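# Remarks on the overall topology
Next come the chains, spelled out residue by residue.
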Amino acid sequence: QLRLVESGGGLVQPGGSLRLSCAASGSGFGINIMGWYRQAPGKERELSARITTSGSTNYADSVKGRFTISGDAAKNTVYLQMNSLQREDTAVYYCNVHDNWGHVYWGQGTQVTVSS
């Protein structure tokens, strides 16, 4: 069983930056893909960014050029650096992990609020 612990959310003004972290722990697991999804009020959960163990990345069009996903394999941790934040980025951000056996895990979510 994999456990995901997220941190780094909060309140930020438009144009500001935040860095989210997600650390995976457990025993006997192998990670294939780590990523971040977000869900705004009244909207469906959507992919923001993801990274494979080989370093390949994918970004939603809405965050390209502003968000950067990175990973630390030794720490089983994925980061999401969010710059030039906009009010439209306000959402609960969820860490997502696909393991090598096709299982999918979700973090508890961390709130990001962009407001002046």
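All values reported here derive from a predicted model rather than from experimental measurement.

Right, let's talk about the pattern of salt bridges for a bit. Enumeration according to the criterion identifies four salt bridges in this entry. Residue Arg38 pairs with Asp89 through a salt bridge whose shortest N-O separation is 2.9 Å. Residue Arg38 is located in strand E4 (residues 31-39), and its partner Asp89 is located in the loop between strand E8 (77-82) and strand E9 (91-99); the two are separated by 51 residues in the primary sequence. No difference in accessibility class separates Arg38 from Asp89, as the two residues are buried. Residue Asp61 is joined to Lys64 by a salt bridge in which the shortest nitrogen-to-oxygen separation is 3.2 Å. Judged by its relative accessible area of 66%, Asp61 is exposed.

It is worth spelling out the pairing of strand E3 (residues 18-26) at this point. Pairing of strand E1 (residues 2-7) with E3 involves six bridges; the strand directions are antiparallel. Along E3, the bridge assignment pairs Ser7 with Ser21.

What follows deals with the layout of surface pockets. In this model, the largest pocket occupies a volume close to 200 Å³. Together, Ile31, Met34, Ile51, Thr52, Thr53, Gly55, Gly71, Asp72, Ala73, Asn76, Thr77 and Val78 line the largest pocket. Of all the secondary-structure elements, those providing two or more residues to the lining of the largest pocket are E4, strand E5 (46-52), strand E7 (67-72) and E8. Of the residues that constitute the lining of the largest pocket, the class distribution is five nonpolar, six polar and one charged.

Calculation rules
- Residues numbered from 1 in each chain as written.
- Predicted model: local features only at pLDDT ≥ 70, side-chain atom pairs only at ≥ 80, totals over all residues.
- Heavy atoms only, no water.
- Salt bridge = Lys/Arg side-chain N within 4 Å of Asp/Glu carboxyl O.
- Helix = DSSP H or I, 4+ residues; strand = E, 2+ residues; numbered from the N terminus.
- Buried < 20%, exposed > 50% of the residue type's maximum accessible area, 1.4 Å probe, protein only.
- Pairing = 2+ DSSP bridges.
- 1 Å grid on protein atoms, 1.4 Å probe; cavity = no way out; pocket = protein on both sides within 12 Å on 5 of 7 lines; lining within 4 Å.
- Points joined across faces, edges and corners; volume = space filled by probe spheres on them.
- Nonpolar A, V, L, I, M, F, W, Y, C, P; charged D, E, K, R; others polar.

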